[in-house]
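Observations on chain architecture
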Amino acid sequence: MSTSPTHDRPDEPGPLLGPADIRELAAALGVRPTKQRGQNFVIDANTVRRIVRTADVLPDDVVVEVGPGLGSLTLALLEAADRVTAVEIDDVLAAALPATVAARLPERADRFALVHSDALHVTELPGPAPTALVANLPYNVAVPVLLHMLAAFPTIERTLVMVQSEVADRLAAPPGSRVYGVPSVKAAWYAQVKRAGAIGRNVFWPAPNVDSGLVSLVRRAEPLKTSASREEVFAVVDAAFAQRRKTLRAALAGWAGSAAAAEAALVAAGVSPRARGEALTVEEFARIAEKKGTVENKRTAEKPGTVEEQGGSL
């Protein structure tokens, strides 16, 4: 473990990036934020400090950051954590970030690592296993990236992500909520999820057309108790919300093989066939996934044999 430096002397400029720094860096690199990659750079040092504080980053944390951009949040994380690994897909930004870190936080440069890759394809990271995920996620891939990182790196205990406000609401929504859906259930599979604050538009460059929100995810101390695999449970979730206005008996007919088979699995799981997916907890989805196999096995065992097996003849 190393001790994080402090930069509170008024006669010394801090290492964090301000609006002028961001624009100067971007101009030097010929960078213009692109909508295709959902890029909106944070230009306010107080906002990144707030994110680090809200994330409860500790001096011994190994933090992974996705989409570091020009390095606003990266620098603040490096001040607080033991190590930071940033995953960046953009060629120009990935090439420039190590130099930015070395120039503005030289004493912490050896605690920083860069992975030049699409976060959706990352399955291993250099150095010690990550303990925290803190990121300003690109709007267009926020949920897939979040779920992939939680699945790929089970050592991540705490997560704080900044996402589009509407996405934040969906991730943290409880059962029965109007916006409860696939992201809500899948996030709950891994963690306790809650909204952790709102972020205004004026702290970004360029300013987005929507507000942003912080979402906190604290991984379950023990995995959800179920004999079904994550893939099996998520298949039920996807089927239930693909036709969210239908009852589960109808919505799960394709998944189960028929409406009758879906009803049998639902009844066995203690869930009303007339319920809808938006009313169910992740634990109830897991029970349904478990019962599909049970019902199928029971039917196979009860299925009559052929005429010859029963002692008759054709």
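To keep things clear, this report deals only with the structure shown in the data block.

**Things to note about the overall build of the chain**
Scanning the chain for helices and strands turns up 12 helices and nine strands. By the burial criterion, 46% of the 314 residues in the chain qualify as buried. Sequence-distant contacts, at least 24 apart, represent 71% of the contacts inside the chain between residues at least 6 apart.

**What about the pattern of salt bridges?**
Counted under the stated rule, the structure contains 11 salt bridges. A salt bridge links R158 to D61; the nearest nitrogen and oxygen atoms lie 2.7 Å apart. Taken together, the positions of R158 in strand 6 (residues 158–164) and D61 in the loop between helix 2 (45–54) and strand 2 (62–66) put the pair 97 residues apart, joining distant regions of the chain. Since its relative accessible area comes to 3%, D61 is described here as buried.

**Topic: the packing of aromatic side chains**
Considering all chains together, one arrives at five aromatic pairs under this definition. Note on Y190 and F234: the rings are 6.3 Å apart at their centroids and 80° apart in plane angle, and the pair reads as edge-to-face. Within this pair, whereas Y190 is found in helix 7 (residues 182–190), its partner F234 is found in helix 8 (residues 230–242), the two being separated by 44 residues in sequence. Take Y190: its relative accessible area is 7%, and that puts it in the buried class. One aromatic cluster in this structure is built from Y180, F241 and F285.

**Considerations on helix 6 (residues 165–172)**
Residues of helix 6 that are buried include every one of S165, V167, A168 and L171, and no others. Buried residues in helix 6, looked at end-on, bunch into an arc of 155°, giving them a common side. As for helix 6, its buried residues are in contact with helix 5 (142–152), strand 6, helix 7, strand 7 (191–199) and strand 9 (212–219).

**Some words on the sheet that holds strand 4 (residues 112–116)**
The seven strands lie next to each other as 4-3-2-5-6-9-7, forming an open sheet whose pairing is mixed. A single partner strand is all that each edge strand has here, and the edge strands are strand 4 and strand 7. Across the sheet, the axes of successive neighbouring strands diverge by a mean angle of 20°, strand direction being ignored. Looking at chain direction, strand 2 and strand 3 (residues 83–88) are connected through five bridges and run parallel. Note that in strand 3 the partner of E65 across the bridge is A86. With respect to the sheet, helix 4 (residues 91–104) is in contact with strand 3 and strand 4, its orientation differing from that of strand 4 by roughly 175°.

Rules and cut-offs
- Residues numbered from 1 in each chain as written.
- Predicted model: local features only at pLDDT ≥ 70, side-chain atom pairs only at ≥ 80, totals over all residues.
- Heavy atoms only, no water.
- Helix = DSSP H or I, 4+ residues; strand = E, 2+ residues; numbered from the N terminus.
- Buried < 20%, exposed > 50% of the residue type's maximum accessible area, 1.4 Å probe, protein only.
- Contact = heavy atoms within 4.5 Å.
- Salt bridge = Lys/Arg side-chain N within 4 Å of Asp/Glu carboxyl O.
- Phe/Tyr/Trp six-rings, centres within 6.5 Å; stacked < 30°, edge-to-face > 60°.
- Arc of directions from axis to C-beta.
- Pairing = 2+ DSSP bridges.
- Axes fitted to C-alpha atoms, helices over the stretch in contact; angles between N-to-C directions.

The values reported here are purely geometric and, on their own, carry no functional implication.
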